Amino acid sequence: MAEDPGAFAEDPDAFTIEPSPSGRLLCGGCAPHDVCRLGVEIAEARDDAVRFEVVCPPFWHGGPGVAHGGWTAAVFDDALNIVALRIEPRLVTKSLAVRYLRPVPVGRPMDLLARIERHSGRRWEVSAEMTLTGTPLATARAELRTRRPHHFARHEAWLARRSPSPNGPHAES
Ligand SMILES: CCCCCCCC(=O)SCCNC(=O)CCNC(=O)[C@H](O)C(C)(C)COP(=O)(O)OP(=O)(O)OC[C@H]1O[C@@H](n2cnc3c(N)ncnc32)[C@H](O)[C@@H]1OP(=O)(O)O
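Residues numbered from 1 in each chain as written. Predicted model: local features only at pLDDT ≥ 70, side-chain atom pairs only at ≥ 80, totals over all residues. Heavy atoms only, no water.

## Regarding the overall build of the protein chain
Line of reasoning, step 1. A tally of helices and strands in the protein chain yields 3 helices and 8 strands.
Line of reasoning, step 2. N-terminal to C-terminal, the α/β element order of the protein chain is α-β-β-β-β-α-β-β-β-β-α.
Line of reasoning, step 3. Within the protein chain, residue pairs in contact and separated by at least 24 positions form 56% of the contacts whose partners lie at least 6 positions apart.
Line of reasoning, step 4. Taken as a whole, the protein chain presents about 10100 Å² of accessible surface, with 54% of it coming from carbon and sulfur. (Helix = DSSP H or I, 4+ residues; strand = E, 2+ residues; numbered from the N terminus. Contact = heavy atoms within 4.5 Å. Areas by Shrake-Rupley, 256 points an atom, 1.4 Å probe, with all protein chains shown as cover.)

Below, the structure written as structure tokens:
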């Protein structure tokens, strides 16, 4: 993440995800802890593909000994962005499709391979597979976009127009 958090207050579009002090690529929520609280670690990186070791922490369980599907989706969102973030630090997810093939165990190291399928201009198509001892547990595909220059500022301006008002909620788009 970019070094000076104060810079985002003035210019939210200064936000980028960059290697943490320990060299990890972390989201804004985990960067202050310098550890991925989802349990995602890069194991091996090539230009167009990254292999991760992932372990579902117990507090993300959704059923007895198995991961919450939201954990699996969040892990894919991270991994699918990281594979492209190494080239483009200003990305957002436009769509994410997950196929849950088998229950995902809690507390077991698993392998996740993410790769860039296509990249043209602002458009990125990425895919990934999560496996346990070679057996696929879940797969995902995502469309990413390189952020337009004023992405976060535009969002903040849009949100500000929705501040609670004595005249009731705003409805403009
Ligand atoms: C290491 C850890 C990594 C973690 C990485 C995590 C990555 C994430 O999860 S990012 C968070 C989830 N994703 C998002 O929040 C993205 C939300 N969606 C969007 O902002 C848009 O739909 C977006 C940018 C994807 C659309 O992209 P694209 O299809 O190229 O269309 P684009 O021309 O840019 O915009 C289309 C419309 O979307 C809307 N839009 C786009 N950007 C914005 C914005 N910043 N604010 C408000 N509306 C917007 C507008 O309606 C726009 O139409 P117009 O420009 O005519 O008003």
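## Concerning unusual backbone geometry
Line of reasoning, step 1. Positive phi values are uncommon outside glycine, yet D34 reaches one of about 55°.
Line of reasoning, step 2. Among the secondary structure elements, D34 is positioned in the loop between α1 (6-10) and β1 (40-45).
Line of reasoning, step 3. Overall, the relative accessible area of 21% leaves D34 in the partly exposed class.
Line of reasoning, step 4. Non-glycine residue T133 carries a positive phi angle of around 45°.
Line of reasoning, step 5. Structurally, T133 is set in the loop between β7 (123-132) and β8 (135-146).
Line of reasoning, step 6. Here T133 falls in the exposed class, since its relative accessible area comes to 73%. (Buried < 20%, exposed > 50% of the residue type's maximum accessible area, 1.4 Å probe, protein only.)

## Observations regarding helix α2 (residues 69-85)
Line of reasoning, step 1. When the terminal C-alpha atoms of α2 are compared, their 24 Å separation across 17 residues agrees well with the 24 Å that a helix rising 1.5 Å per residue should span.
Line of reasoning, step 2. With 13 of its 17 residues buried, α2 lies for the most part within the structure. (Expected span 1.5 Å × (residues − 1).)

## A short note on the UniProt feature "domain: Thioesterase" (unreviewed entry) in the protein chain
Line of reasoning, step 1. Within this numbering scheme, the UniProt entry marks residues 65-132 as carrying the feature "domain: Thioesterase" (unreviewed entry).
Line of reasoning, step 2. As annotated, residues 65-132 comprises 25% helix and 49% strand, and the C-alpha atoms at either end are separated by 15 Å. (UniProt positions renumbered as here; feature names shortened; annotations may be inferred.)

## Observations regarding the pattern of salt bridges
Line of reasoning, step 1. Taken as a whole, this structure holds 4 salt bridges when the rule is applied.
Line of reasoning, step 2. Ionic pairing is found between D111 and R51, a salt bridge with its closest N-O pair at 2.8 Å. Of this pair, D111 sits in strand β6 (residues 110-120) while R51 sits in strand β2 (residues 49-54); the two residues are 60 residues apart in sequence, bridging distant segments of the chain.
Line of reasoning, step 3. For R51, a relative accessible area of 31% corresponds to the partly exposed category.
Line of reasoning, step 4. Salt-bridge contacts for R118 lead to E125; the nearest nitrogen and oxygen are separated by 3.2 Å.
Line of reasoning, step 5. Through salt bridges with shared partners, one network takes in E44, R51 and D111. (Salt bridge = Lys/Arg side-chain N within 4 Å of Asp/Glu carboxyl O.)

## Quick notes on the sheet that holds β8
Line of reasoning, step 1. As summarised here, the arrangement of the 6 strands in space is β1-β2-β6-β7-β8-β5, forming an open sheet in which the pairing is antiparallel. Two strands lie at the open edges of the sheet, namely β1 and β5 (91-100), each paired on one side alone. Between one strand and the next, the sheet's axes are offset by a mean angle of 25°, whatever the strand orientation.
Line of reasoning, step 2. Across 6 bridges, β2 lies against β6 in antiparallel orientation. By the bridge assignment for β6, R51 is matched with L113.
Line of reasoning, step 3. Sheet strands touched by α2: β1, β2, β5, β6, β7 and β8. Its angle to β5, the strand with the most contacts, is close to 135°. (Pairing = 2+ DSSP bridges. Axes fitted to C-alpha atoms, helices over the stretch in contact; angles between N-to-C directions.)

## Comments concerning the layout of surface pockets
A probe matching the size of a water molecule, rolled over the atoms, marks out where space remains unfilled.
Line of reasoning, step 1. If you add up the space inside the largest pocket, you get close to 260 Å³.
Line of reasoning, step 2. Lining the largest pocket are 17 residues, with I17, C27, D78, N81 and L85 positioned closest to its centre.
Line of reasoning, step 3. When residues of the lining of the largest pocket are traced back to their parent elements, those giving at least two are α2 and β5.
Line of reasoning, step 4. By volume, the second largest pocket is sized at about 210 Å³.
Line of reasoning, step 5. Lining the second largest pocket, in full, are V92, R122, R145, T146, R147, R148, P149, H150, H151, R154, H155 and W158.
Line of reasoning, step 6. Counting residues per element, the lining of the second largest pocket draws most heavily on helix α3 (residues 151-160), which supplies 4 residues.
Line of reasoning, step 7. Tallied by class, the residues present in the lining of the second largest pocket amount to 3 nonpolar, 4 polar and 5 charged. (1 Å grid on protein atoms, 1.4 Å probe; cavity = no way out; pocket = protein on both sides within 12 Å on 5 of 7 lines; lining within 4 Å. Points joined across faces, edges and corners; volume = space filled by probe spheres on them. Nonpolar A, V, L, I, M, F, W, Y, C, P; charged D, E, K, R; others polar.)

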